[in-house]
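Summary of the model geometry
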Amino acid sequence: MNLGTPNRVEHQLTDKGYVPVYTTAVVDQPWSSYTSTDHDVWATLFKRQREILVGRASDEFLRTQEAMGMAADRIPKFDELNRTLRRETGWELVGVEGLLPELTFFDHLANRRFPVTWWIRKPEQLDYLAEPDLFHDLFGHVPLLMNPVFADYMQAYGRGGVKAHGIGPEALVNLTRLYWYTVEFGLIKQDDGLRIYGSGIVSSKGESIHCLESAAPNRIGFDLERIMRTRYRIDTYQKTYFVIDSYEQLMEATRPDFTPIYAKLAQQDSIPAGSVLATDTVFNRGTGEGWATDGDV
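Now for a quick tour of the structure. All figures in this text were calculated on a predicted structure; none of them were measured in a lab.

**Some remarks on the packing of aromatic side chains**
Counting across every chain of the model gives 19 aromatic pairs. Aromatic ring contacts, followed pair by pair, group W42, F46, F61, F135 and F139 into a single cluster.

This is the structure:
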């Protein structure tokens, strides 16, 4: 890994919208370069989300975040968090400059390294950012890496990603949908109701409320192949959220060789993001209010 002076690599805004810009560099976290504004943005987002997530986020997410020692007073230092992470599950954080190419990302996960963007959003971006930043990565993704089962799932996903990359683009699409609907936008069933564990939700004020309390989206039970066929949204709240019974269910789902699954799915059509199938376990059939009629990925 080449450690160097970090750059802030962001998507580029063009007349056709935001265009992703990729980087592969691994960098030291320039903690001393964070400004008071950077720390204030972290504090504002941290306090807001912790308040919203009480009774909405999974018990395990809240517990592990507290166990890591994350707090609102300052942006956490990666090396301090790493001491705890390595001791608990053998994972470590690595600083990156922005969005990673797929294979680079998979390789990090396969080796129990989680990439964290070193820079944080600007004050005017508090409510929405088109790409991952430090708050999304650190607040949203990292806490559950303290859970041994979820930590193993993430490594298994990385190994599966490396393999899918070698199989072809259709396999990668299937696997990306699994990540999207679990790691980023997943819900979990607890004894006291549905709760959030997906990082894309726990780091978003609006979606933390929408995913559980709005009548618009579907909430459907976890089904591996169903998820791998289902398109999703990158520009709005999700039309459908999938609900796991436990983190063990995720780990068990990744144990089989996906190669025959990819071959099977290649013979089937993809499923629109808002569809409900007769075979689905339905927790809530969405009203579809406010849904865009195009744009599924």
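**Let's talk about the sheet that holds strand β10 (residues 282–284)**
A sheet is described by the order of its strands in space; here five strands give the open sequence β7-β6-β9-β8-β10, paired in mixed fashion. Edge strands, defined here as strands with exactly one partner in the open sheet, are β7 (193–196) and β10. Between one strand and the next, the sheet's axes are offset by a mean angle of 35 degrees, whatever the strand orientation. As judged from the two bridges shared by strand β6 (residues 187–190) and strand β9 (residues 240–244), these two strands associate in the parallel manner. Counted as the bridge partner of I188 is I244 from β9.

**Quick notes on the nonpolar core**
Core analysis: the biggest nonpolar cluster contains 80 residues, and W42, F114, L138, M154 and L178 have the highest contact counts within it. Not counting the four nearest positions on each side in its chain, M154 is found in contact with W91, L109, F114, L145, Y179 and V183.

**Here's the deal with helix α3 (residues 78–89)**
End to end, α3 covers 16 Å across twelve residues, agreeing with the expected 16 Å (1.5 Å per residue, within 8%). Buried within α3 are the following residues: F78, L81, N82, T84, L85 and T89. Contacts from the buried residues of α3 go to α2 (59–68), β4 (92–96), β5 (113–117), α5 (134–141) and α6 (148–167).

**Focus: the packing of α6 against helix α7 (residues 169–184)**
Viewed as axis vectors pointing N to C, α6 and α7 meet at an angle of 160 degrees, and their least axial separation amounts to 9 Å. It follows that α6 is roughly antiparallel to α7 by the angle criterion. Crossing of α6 against α7: the hand is left-handed. Judged by residue contacts, F150, Y153, M154, Y157, G160, G161, A164, H165 and I167 of α6 engage A171, L172, L175, T176, L178, Y179, T182 and V183 from α7. Per-class residue counts for the contact of α6 with α7 are twelve nonpolar, five polar and no charged.

Conventions and cut-offs
Residues numbered from 1 in each chain as written. Predicted model: local features only at pLDDT ≥ 70, side-chain atom pairs only at ≥ 80, totals over all residues. Heavy atoms only, no water. Phe/Tyr/Trp six-rings, centres within 6.5 Å; stacked < 30°, edge-to-face > 60°. Pairing = 2+ DSSP bridges. Helix = DSSP H or I, 4+ residues; strand = E, 2+ residues; numbered from the N terminus. Axes fitted to C-alpha atoms, helices over the stretch in contact; angles between N-to-C directions. Core = buried A, V, L, I, M, F, W, Y, C linked by side-chain atoms within 4.5 Å. Buried < 20%, exposed > 50% of the residue type's maximum accessible area, 1.4 Å probe, protein only. Contact = heavy atoms within 4.5 Å. Expected span 1.5 Å × (residues − 1). Parallel < 35°, antiparallel > 145°, perpendicular 65-115°, else oblique. Left-handed = near helix turned anticlockwise from the far one by under 90°. Nonpolar A, V, L, I, M, F, W, Y, C, P; charged D, E, K, R; others polar.

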